[in-house]
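Listed here are the chains, written in short residue letters.
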Amino acid sequence: MSLKNKDEHNRWRNKTVAFRVSPEEWEQIERYVQLSGLTKQDYITRRLTHREVIVQGNPRVYKALRNNLADVLTELQRIENGGEVNDELLDLIEMISDILGGLKEVSE
């Protein structure tokens, strides 16, 4: 048995869950997974089971934060030019804020 197929409680993961999402939902899930630093499987499992997603700072998370903040800046500039704010942007800003707030607490 592969260690990759066991969870943190050493339970064998042999069931498959699959579902369809829109391209926009897929992009949002990908962003959240990148920002969390977890695997997609672990992130989705934690969210669906209402467990806390704790972001561990590492180079991949910092790179994802940098890239997503650049995207937020682009969107804010679009809004400044007369565009509308969408819910996905507000959700992304909230998640980035939560991550940065958590990283600040750890470093203090």
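See above for the structure.
This structure is a prediction, so every number in the text was calculated from the model and none was measured. The residue numbering used here restarts from 1 in each chain and proceeds along that chain's sequence as written. Local features in this predicted model are restricted to residues of pLDDT 70 or higher, and side-chain atom pairs are both shown and tallied only at a pLDDT of 80 or more, whereas totals for entire chains, interfaces and linings draw on every residue. Only hydrogens and water are set aside; all other atoms, that is, all heavy atoms of the structure, feed into the side-chain values.

Observations regarding a negative patch on the surface
Alright, step 1. Here the term patch refers to residues with relative accessible area over 30% and no salt bridge, with like charges joined within 9 Å and nonpolar side chains (Val, Leu, Ile, Met, Phe, Trp, Tyr) within 5 Å. The Shrake-Rupley method, run with a 1.4 Å probe sphere, supplies the accessible areas, and residue values consider only the shown protein chains as cover. Just to be clear on terms, a salt bridge is a Lys or Arg side-chain nitrogen sitting within 4 Å of an Asp or Glu carboxyl oxygen. Charged-residue counts in this description rest on Lys and Arg as positive and Asp and Glu as negative, His and the chain ends being excluded. For this purpose, a charge sits on NZ of Lys, CZ of Arg, CG of Asp or CD of Glu. The grouping of Glu-24, Glu-25, Asp-87, Glu-88, Asp-91, Glu-94 and Asp-98 at the surface amounts to a negative patch.
Alright, step 2. Runs of H or I in DSSP of at least four residues are treated as helices and runs of E of at least two as strands, each being numbered from the N terminus. Mapped onto the negative patch, the elements with two or more residues apiece are helix H1 (23-36) and helix H4 (87-107).
Alright, step 3. The biggest single contributor to the negative patch is H4, with 5 residues.
Alright, step 4. With respect to the element layout, Asp-91 can be found in helix H4.

Thoughts on the nonpolar core
Alright, step 1. The biggest cluster of nonpolar side chains holds 14 residues, and the ones touching the most others in it are Leu-35, Leu-65, Leu-92, Met-95 and Ile-96.
Alright, step 2. Mapped by element, the contributors of at least two residues to this core are H1, helix H3 (59-80) and H4.
Alright, step 3. Once residues lying within four places of it in the same chain are set aside, the contact partners of Leu-92 are Arg-31, Tyr-32, Leu-35, Asn-68 and Val-72. Residues belong to a common nonpolar core when they are buried Ala, Val, Leu, Ile, Met, Phe, Trp, Tyr or Cys residues joined through side-chain atoms within 4.5 Å. Per-residue accessibility, obtained with a 1.4 Å probe over protein chains only, is compared with the maximum for each type, and a residue is labelled buried under 20%, exposed over 50%, and partly exposed between these values. Working rule for contacts: check all heavy atoms of both residues, and any pair within 4.5 Å makes them a contact.

A word on the side chain of Asn-68
Alright, step 1. Relative to the helices and strands, Asn-68 is located in helix H3.
Alright, step 2. With relative accessibility at 3%, the residue Asn-68 sits in the buried group.
Alright, step 3. Polar contacts, as counted here, are pairs of nitrogen or oxygen atoms within 3.5 Å of one another; within protein the pair requires one atom able to donate a hydrogen and one able to accept it, and residues that are adjacent in sequence qualify only if both atoms are side-chain atoms. At 2.7 Å, the side chain of Asn-68 forms a polar contact with the backbone oxygen of Ala-64.
Alright, step 4. If we skip the residues at most four places from it in the chain, Asn-68 touches Arg-31, Gln-34, Leu-35, Leu-92 and Ile-96.

Quick look at the packing of H1 against helix H2 (residues 40-48)
Alright, step 1. Note on method: axes are straight lines fitted to C-alpha atoms, helices fitted across the in-contact stretch only, with angles between N-to-C directions ranging 0 to 180 degrees. Between H1 and H2, whose axes approach to 9 Å, the crossing angle comes to 100 degrees. Between H1 and H2, the angle falls in the class roughly perpendicular. Every residue of H2 that contacts H1 at Trp-26, Ile-29, Glu-30, Tyr-32, Val-33 and Ser-36 is listed here: Lys-40, Tyr-43 and Ile-44.
Alright, step 2. Along the lines of polarity and charge, the residues of the contact of H1 with H2 split into 6 nonpolar, 1 polar and 2 charged. Every angle not falling under 35 degrees, over 145, or within 65 to 115 is termed oblique; those three ranges are roughly parallel, roughly antiparallel and roughly perpendicular. Amino acids outside the nonpolar list (Ala, Val, Leu, Ile, Met, Phe, Trp, Tyr, Cys, Pro) and the charged list (Asp, Glu, Lys, Arg) are all regarded as polar, and Gly is one of them.

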